[in-house]
Amino acid sequence: MQPSRRKFLKTVCAGAASLIAAPVILKFLEPGEALAAMEKSKLRWAFLVDTHKCIGCGFCVKACKNENEIPYDASVSRTWVERYVVKKDGTVLIDSPKAGRDGFTSPEVEGQTPEAQDIAKAFFVPKLCNQCENPPCVQVCPVGATYQLKEGVVLVDRKWCIGCGYCIASCPYGARFFNPQLKVAEKCTFCYHRIKKGMKPACVGACPVGARQIGNIKDPEDPVAKVITTSRVAVLKDEYGTDPQVYYLGLDRAVR
Amino acid sequence: MTPDPVMIHGMEWTVKELFVYPNESINWGIMIVMYPYMTGLVAGAFVLSALYHVAGKTELKKIAKFALLFSMALLLVAPMPLLLHLQQPLRCEEVFFTPHFTSAIAAFGMIFFIYFIIVASEIWFIHRKFFVAQSMARQGAQGVFGRVAWLFYTVLTLGAFNVDEKSLHDDEKAVVFLAGLGIPVACFLHGYAGFIFGSVKANALWMTPLMPVIFIVSAIVSGIALCILTYSIISLWRSFRAGTKTTLEIEEVSKAAKYLLTFLILAITLELLDMVFRGYTAMKSWAILRSVIFEKDIINIFVLQYVVGNLVPLILLLIPRPTIRRILIAVAMILFGVFMMRWNVVIGGQAFSLSFAGFMHYHLPIIPHNLETYKEGLFGALTIASLPFIFFWIFNKIIPVLDKD
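Our next topic: the overall build of chain A. For chain A, the count of helices and strands is eight helices and 11 strands. Relative to its length of 256 residues, chain A is extended, with a C-alpha radius of gyration of 24 Å against a globular reference of 18 Å. Dimensions of chain A, computed from the C-alpha atoms along their principal axes, are close to 100 × 40 × 35 Å. Across the 256 residues of chain A, 50% fall into the buried class. A separation of at least 24 residues holds for 62% of the contacts in chain A among residues at least 6 apart in sequence. Surface accessibility of chain A: about 13100 Å² in total, with carbon and sulfur atoms responsible for 57%. Taking the average location of the 36 positive side-chain charges in chain A and that of its 26 negative ones, the two points are 8 Å from each other.

Next up, the structure:
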């Protein structure tokens, strides 16, 4: 049978299309990737901060800076501690000198030294990257240099980041900054290099009062997951739809 | 505040007030003000030229030719401020090679190149006859310079030497098509610059769906204004130097100014609508936005942007019997006003802390003491602002669009 021109063209087109489509549809996976794709992730890191326990000593900030090689005297930090002083007249005074690194040794807040009888409540709030389930920083990175792991942690590829600062602008929590030495975006990783080896993050290990804990929210037997699922916990800035994974016990409405 | 012992990007020109998160600083400085300003000028200049080619506004013929070539000069400069503000400028090509398409910035490479191709081909179709004539005239030219010039124009013809009536007519059709195609692409180029800001949900001042529209309209305003200003000044200067009466006609300038006026009114309306809406809905962020808009930045926003940059030029353009001088003063003020609008968006958006409990003040680095304070300071901005004129000067040597036909 004489092959018709239509048939011939059809075959050629189909062949060309499949040639183009093959590398798009069939993705060759690294062995690690294949393994990760097969098993459903049973791990999702989550952080628990008990603000009732925090004493504002700043050990977490010190430990973090040393562990992650963030210049010790720079004002930026992967984690920081905020002090809140709510006065009886409703005014809220907040500070975080040197990111809370050296603790809060002066009673002066925002240039004021409120009298004890004027203070309604005062407390400390540790902050770090929320490793959001829906991270805006990952969404806006123009080159894909920042990415979310299956375990939920958001990382930055220091060899890929172009330093545009879009991720810094898009984080509602102020968790990101430029690493002053590497000139790339920098952020808390829950000390991913430690937790993947079964260790605790530096800040968790350094906290003398157990105000900071990390756990696997997908494991019902995990003590941290138990607290998060059974206690009344809050997250920061829920309204941005980022689904943050740092949970707070005793979060006050004054906290920003 | 004592300066940081370790140089952290942004901290150098940021002064904090009340409570600001430790990691916050004004990361996006003058270069990110210049970036939407320059892309806006590109889009505006192109729209002005397209008004002649597509809408057939013949009174704009001379200025349209100029505007298109000037748009090209501006287009080459538009990505430079982005490049200068990168902390890792040597990795900039990753935006083109590994774009991450959920990011608004990732689309930049594509839109920019599509637009570049449209503008370049439109210029080529308009001036092909000129290239052919130049190539023919220089055939067999003596001397190195003459031969190089012949080769240059011959290459520019791309081998299309046919200049009979039909092929020239086809050229014209292509120009109309490209100009028509270019308008939406130009709007997209700039609308997406607005999207870069408008989609940042963390930033209370930036996040509004009106942002891309406001950016497009004010872009057209600034682009037309710059074309009128540059075109008029060059025309006046040429006739002054030649000692002849100026060929610049009031009809031509005031026609272009009329289009400018329409877009200006639209821009002001949209910006005011945005502000009124924010005040009326008074969301959580309004308290801090109000203190930025009505206290911290009141001079920048109301005096410099709205009064000097919008209201006064609006009145100057509305007064009957326009004169060239009055129009030129008005367009210069409008250019300044659009610049202040970009400033108030970019810097104003970072004037308050994400905590809504503190403020940041921007101090533009003036005298540079290192590379960073040069490229993200006043002199970096002046370099960027002067480059389009240098590029245009070079282009005009190749294609003299300012000479009479």
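This next bit is on the domain arrangement of chain A. With domains assigned, chain A is organised as domain 1 (5-38) and domain 2 (43-256). Taking only C-alpha atoms into account, the centre of domain 1 of chain A sits 44 Å from that of domain 2 of chain A.

Residue and element names in this part refer to chain A. The mixed open sheet is built from four strands, whose spatial order is 9-1-11-10. Unpaired on one side and paired on the other, strand 9 (212-216) and strand 10 (233-234) mark the two borders of the sheet. Pairing of strand 1 (residues 45-50) with strand 9 involves five bridges; the strand directions are antiparallel. Bridge pairing in strand 9 places Trp45 opposite Asn216. Of the strands in this sheet, strand 1, strand 9, strand 10 and strand 11 (246-249) touch helix 8 (residues 223-230), which is tilted by about 70° from strand 1.

With 53 residues of chain A in contact, the opposing surface of chain B contributes 41 residues. Summing both partners gives a buried area of about 3700 Å² for chain A against chain B, and 58% of it is carried by carbon and sulfur. If you sort the residues of chain A by the area they bury against chain B, Ile162, Tyr166 and Tyr240 of chain A come out on top, with a joint share of 18%. For the pair chain A and chain B, the interface holds one salt bridge. A salt bridge links Glu239 of chain A to Lys284 of chain B, with the nearest nitrogen and oxygen atoms 3.5 Å apart. The tally of links between chain A and chain B comes to 25 residue pairs in polar contact (both at pLDDT 80 or more).

With respect to the secondary-structure elements, Ile8 of chain B resides in the segment before strand 1 (14-18). Of the residues examined, Ile8 of chain B reaches a relative accessible area of 2% and is grouped as buried. As for Ile8 of chain B and Ser25 of chain B, which are separated by 17 residues in sequence, their C-alpha atoms are 9.1 Å apart. Discounting chain neighbours no more than four positions away, the residues touching Ile8 of chain B are Ala74, Ser75, Val76, Phe178 and Pro180 of chain A.

On to the nonpolar core, then. Phe190 of chain A together with Ile228 of chain B are the most contacted members of the largest nonpolar core, which totals 194 residues. The leading source of residues in this core is helix 1 (residues 30-53) of chain B, at 18 residues. Setting aside residues no more than four positions away along its own chain, Phe190 of chain A makes contact with Trp45, Ala46, Phe47, Leu128, Cys129, Gln131, Val153, Ile195, Pro201, Ile214, Gln245 and Val246 of chain A.

Cut-offs used in this document
Residues numbered from 1 in each chain as written. Chains lettered and ligands numbered in written order. Predicted model: local features only at pLDDT ≥ 70, side-chain atom pairs only at ≥ 80, totals over all residues. Heavy atoms only, no water. Helix = DSSP H or I, 4+ residues; strand = E, 2+ residues; numbered from the N terminus. Rg over C-alpha atoms; globule rule 2.2 N^0.38 Å. Buried < 20%, exposed > 50% of the residue type's maximum accessible area, 1.4 Å probe, protein only. Contact = heavy atoms within 4.5 Å. Areas by Shrake-Rupley, 256 points an atom, 1.4 Å probe, with all protein chains shown as cover. Lys, Arg positive; Asp, Glu negative; His and termini not counted. Charge placed at Lys NZ, Arg CZ, Asp CG, Glu CD. Domains from an automatic or database assignment. Pairing = 2+ DSSP bridges. Axes fitted to C-alpha atoms, helices over the stretch in contact; angles between N-to-C directions. Buried area = accessible area lost by both parts, 1.4 Å probe. Salt bridge = Lys/Arg side-chain N within 4 Å of Asp/Glu carboxyl O. Polar contact = N/O pair within 3.5 Å; in protein donor to acceptor, adjacent residues only side chain to side chain. Core = buried A, V, L, I, M, F, W, Y, C linked by side-chain atoms within 4.5 Å.

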